[in-house]
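Below, each chain spelled out in residue letters.
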Amino acid sequence: MGQKWKIAGWLAIGALAGALTTVQLQAIARASLAPLPLEELQQLAAVFGIIKTDYVEPVDEKKLITDAIAGMVSSLDPHSQYFDKKSFKEFREGTSGRFVGVGIEITMEDGLVKVVSPIEDSPAFRAGLKAGDLITKIDDTPVKGLTINDAVKRMRGEPNTKVTLTIFRRDENRTFAVTITRQEIKTVSVRAKVVEPGYAWVRVSQFQERTLEDFARKVEDIVRAEPNLKGLVLDLRNDPGGLLDAAVGLSAAFLPEEAVVVTTNGQLAESKATYRATPRDYLRRAASDPIARLTAQTNGLLKRIPLVVLVNEGSASASEIVAGALQDHRRATIMGSQTFGKGSVQTVRPLGPDTAIKLTTARYYTPSGRSIQAKGIVPDVWVDETPEGNLFAALRTREADLEKHLGISGRELTEAEKEAERQREREREAARQRLEEEQRKNPSARLLPEFGSDKDWQLQQALNHLKGLPVVASKTATERPAKADN
């Protein structure tokens, strides 16, 4: 087990459509290194000296060095990264599921921050914020024009500090200000409910430290409320990933013990590993096992109940591990659209107490040996996101769209690949125009239904599949093949 924890662990969100990373915090001393390229290092030192003496104004030496490190690492692939003190802190917060803030899940709507849901027992929850509230100002800063990341940063801060949010509540047609004291927030990555008698929906939005415990507790509640459960929908749409051990544990809830969940392979000996549906591969430390408890309390219900897994272009990394394992073992029907295609492992190596590099060290493979790098999981049943089709899916970035992704770095695109890129750009432009037109016609309307709602078209098709009813499968969606790997 010790070797396994040397490579796997964290899967964290990247840019846009969920470019996720599989990583673990670790430090490994190298007994020996290949001979250093002295001539190139001398050039680097020479450039450093020229910039120091000849640049138009004084340059901070430390910044020059850290920028050189950042450039060297980021040039490798889209997921390798240098963490300075601030970004390292944000990274660890994201994977732990804990941060200091006001406690709301948000999205953007018409240029404003919209409250999707206040987190239970958070400062925002106690202050009376409601789902659907629009935040128009954060302290004295208008939200219009900010990105969602900018808005998040302004609402986060140090514990016990205050932030004033100006709220527009549409159903009451009033605007008011509320001052909230920030505190540490523990996010809940699992939502679940009985959607109709005999059938339940469980959504995992990210794989975090508490995901297995939250998943087990939510499913136990469902089984108590609905003891005659006939089918389950596991919703991994737009799940950008998270912790590898959480993905292995979630898979273990549905698979026989010792079934292979995922394998990894890289240059290092510790990068070659097999993860199975067993506690030794998903429990991070000596602790209670929520998956074993769930299996015992439900009499192994999840091992045999009919299961559909919903995925889309935003399902990445850890969520692809789960979908791939359940698909290969024929334990679930995968429905939706082709996933993101993040099939590489990143290891975080600390450089000091507050800085680190995140480095791609391995690829991962599904139990049957498939690499999903730059391809993703292809669903068993293609289902559009609305009855009218996949209206805006072309706008979602996937691994194969990222510059320097594994499999494309260092070689020229073929003519067929170039034409495919041009066709995707045409599709993106058509989707952008369609989105702008819809926003002009209905500026306050939700363009796509909320996941888990009665208007969720893909969920309705998943339920039809579980009940043996006809499914309206996509007539237009087709597989997007992987680019040739190096």
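Sequence order sets the numbering: in each chain, residues are counted from 1 along the sequence as written. With pLDDT at 70 or above as the cut-off, local features in this predicted model cover only qualifying residues; side-chain atom pairs require 80 or more to be listed or tallied, and sums for whole chains, interfaces and linings still use all residues. No hydrogens and no water enter the side-chain calculation; it runs on all heavy atoms of the structure.

**Quick look at the pairing of strand 14 (residues 231–235)**
Thinking step 1. Burial analysis of strand 14 places five of its five residues in the buried class, which makes it a mostly covered element.
Thinking step 2. Burial classification: accessible surface area is computed with a 1.4 Å probe over protein chains only, and a residue below 20% of its type maximum counts as buried, one above 50% as exposed, and the rest as partly exposed. The way it works is that DSSP assigns letters per residue, a run of H or I at least four long becomes a helix, a run of E at least two long becomes a strand, and they are numbered from the N terminus. Because side chains alternate across strand 14, one face comprises the buried residues Gly231, Val233 and Asp235, and the other comprises Leu232 and Leu234, equally buried.
Thinking step 3. By definition, two strands form a pair when at least two bridges between them are found by DSSP. Across five bridges, the pairing between strand 13 (residues 199–204) and strand 14 is parallel. Within strand 14, the residue paired with Arg203 across the bridge is Asp235.
Thinking step 4. Handedness of a crossover is defined as follows: with both strands directed away from the viewer, a clockwise route from the first strand across the helix to the second makes it right-handed. This β-α-β element, strand 13 to helix 7 (residues 211–225) to strand 14, shows right-handed connectivity.
Thinking step 5. In terms of strand pairing, strand 14 meets strand 17 (residues 307–311) through four bridges, oriented parallel. Bridged to Asp235 within strand 17 is Leu310.

**Points about the packing of aromatic side chains**
Thinking step 1. In summary, the pairing rule links any two rings of Phe, Tyr or Trp, Trp by its six-membered ring, whose centres are within 6.5 Å, and it sorts them by plane angle into stacked for under 30 degrees, edge-to-face for over 60 and tilted for everything else. This structure, assessed with the given rule, holds two aromatic pairs.
Thinking step 2. Aromatic pair Phe83 and Phe88: ring centres 5.7 Å apart, planes at 15°, arrangement stacked. Side by side, Phe83 and Phe88 carry an identical accessibility label, which is buried.
Thinking step 3. Consider the ring centre and the ring normal. A charge sits over the ring if Lys NZ or Arg CZ is within 6 Å of that centre and within 35 degrees of that normal. Sitting over the ring of Phe99, Arg156 keeps its end group 4.0 Å from the ring centre.

**A look at the pairing of strand 6 (residues 112–118)**
Thinking step 1. With respect to burial, strand 6 is a largely interior element, five of its seven residues being buried.
Thinking step 2. When strand 5 (residues 104–109) meets strand 6, the two strands line up antiparallel, connected through six bridges. By the bridge assignment, Glu109 is partnered in strand 6 with Leu112.
Thinking step 3. The loop that links strand 5 with its antiparallel partner strand 6 comprises two residues; one of these, Asp110, has a positive phi angle of about 55°.
Thinking step 4. For strand 6 and strand 7 (residues 134–138), the ladder comprises two bridges, and the chain directions are antiparallel. Note on strand 7: the bridge partner recorded for Lys114 is Leu134.

**Overview of the nonpolar core**
Thinking step 1. For our purposes a nonpolar core is just a set of buried Ala, Val, Leu, Ile, Met, Phe, Trp, Tyr and Cys residues, chained together by side-chain atoms within 4.5 Å. Core analysis: the biggest nonpolar cluster contains 54 residues, and Phe207, Phe215, Leu234, Phe254, Leu302, Val309 and Leu326 have the highest contact counts within it.
Thinking step 2. In this structure, Val102, Ile138, Val143 and Ile167 belong to the second largest nonpolar core, which totals 18 residues.

**A short note on the sheet that holds strand 14**
Thinking step 1. Spatial ordering of the open sheet is given by 12-13-14-17-18-21, a layout of six strands whose pairing is mixed. In this open sheet, the two strands that pair with only one neighbour each are strand 12 (190–196) and strand 21 (381–382).
Thinking step 2. Where strand 12 and strand 13 come together, six bridges link them in antiparallel fashion. Each residue of the ladder has a partner; that of Lys193, found in strand 13, is Trp201.
Thinking step 3. Between two residues, a contact is recorded if the distance between any of their heavy atoms is within 4.5 Å. Where helices are involved, their axes are fitted lines through C-alpha atoms of the stretch in contact, as for all axes, and angles between N-to-C directions lie from 0 to 180°. Running at roughly 20° to strand 12, helix 7 makes contact with strand 12 and strand 13 of the sheet.
Thinking step 4. Strand contacts of helix 13 (residues 457–466): strand 12, strand 13, strand 14, strand 17 and strand 18 (333–336), with the helix running at about 160° to strand 17, the strand carrying the most contacts.

**Quick look at the confidence of the model for the chain**
Thinking step 1. Scored between 0 and 100, pLDDT is the confidence that the predictor attaches to each residue. Confidence along the chain averages 83 in pLDDT terms, with 81% of residues attaining 70 or more.
Thinking step 2. Counted against residues more than four places away or in other chains, residues 1–32, with its pLDDT under 50, gives 129 contacts.

**So, the packing of helix 7 against helix 10 (residues 290–297)**
Thinking step 1. Following both chains from N to C, one finds helix 7 and helix 10 inclined at 10°, their axes separated by 9 Å at the closest point. Classed by the angle they form, the pair helix 7 and helix 10 counts as roughly parallel. Remark: the crossing between helix 7 and helix 10 carries left-handed chirality. Contacts from Leu212, Glu213, Phe215, Ala216, Arg217, Val219, Glu220 and Arg224 of helix 7 reach helix 10 at Pro290, Ile291, Arg293, Leu294 and Gln297.
Thinking step 2. Each residue belonging to the contact of helix 7 with helix 10 can be placed in one class, and the counts come to seven nonpolar, one polar and five charged. An angle below 35 degrees is read as roughly parallel, one above 145 as roughly antiparallel, one from 65 to 115 as roughly perpendicular, and any other as oblique. When the near helix sits turned anticlockwise from the far one by under a right angle, the crossing is termed left-handed; a clockwise turn instead gives a right-handed crossing. Residue type decides the class: Asp, Glu, Lys and Arg count as charged, Ala, Val, Leu, Ile, Met, Phe, Trp, Tyr, Cys and Pro as nonpolar, and the leftover types, Gly among them, as polar.

**Overview of the environment of Gln461**
Thinking step 1. Here Gln461 lies in helix 13.
Thinking step 2. As a C-alpha pair, Gln461 and Ala473 span twelve residues in sequence and 8.2 Å in three-dimensional space.
Thinking step 3. What Gln461 contacts, discounting residues up to four positions off in sequence, is Met335, Val383, Pro470, Val471 and Val472.
Thinking step 4. Polar contacts involving the side chain of Gln461 include one to the main-chain amide nitrogen of Val472, which spans 2.8 Å. Polar contact is defined as a pair of N or O atoms within 3.5 Å, subject to the rule that within protein one atom must be able to donate a hydrogen and the other to accept it, and that residues adjacent in sequence are counted only when both atoms are side-chain atoms.

**Regarding unusual backbone geometry**
Among all residues except glycine, the phi angle is most often negative; among peptide bonds, the trans geometry is most common.
Thinking step 1. In this structure, Asn160 is a non-glycine residue whose phi angle is positive, near 70°.
Thinking step 2. If you trace the backbone, Asn160 turns up in the loop between helix 6 (148–155) and strand 9 (162–169).
Thinking step 3. With a phi angle near 60°, Ser317 is a residue other than glycine that sits in the positive phi range.
Thinking step 4. Within the fold, Ser317 resides in the loop between strand 17 and helix 11 (318–328).

**Observations concerning the side chain of Ser271**
Thinking step 1. As for its placement among the helices and strands, Ser271 is situated in the loop between strand 15 (260–265) and strand 16 (273–276).
Thinking step 2. With relative accessibility at 1%, the residue Ser271 sits in the buried group.

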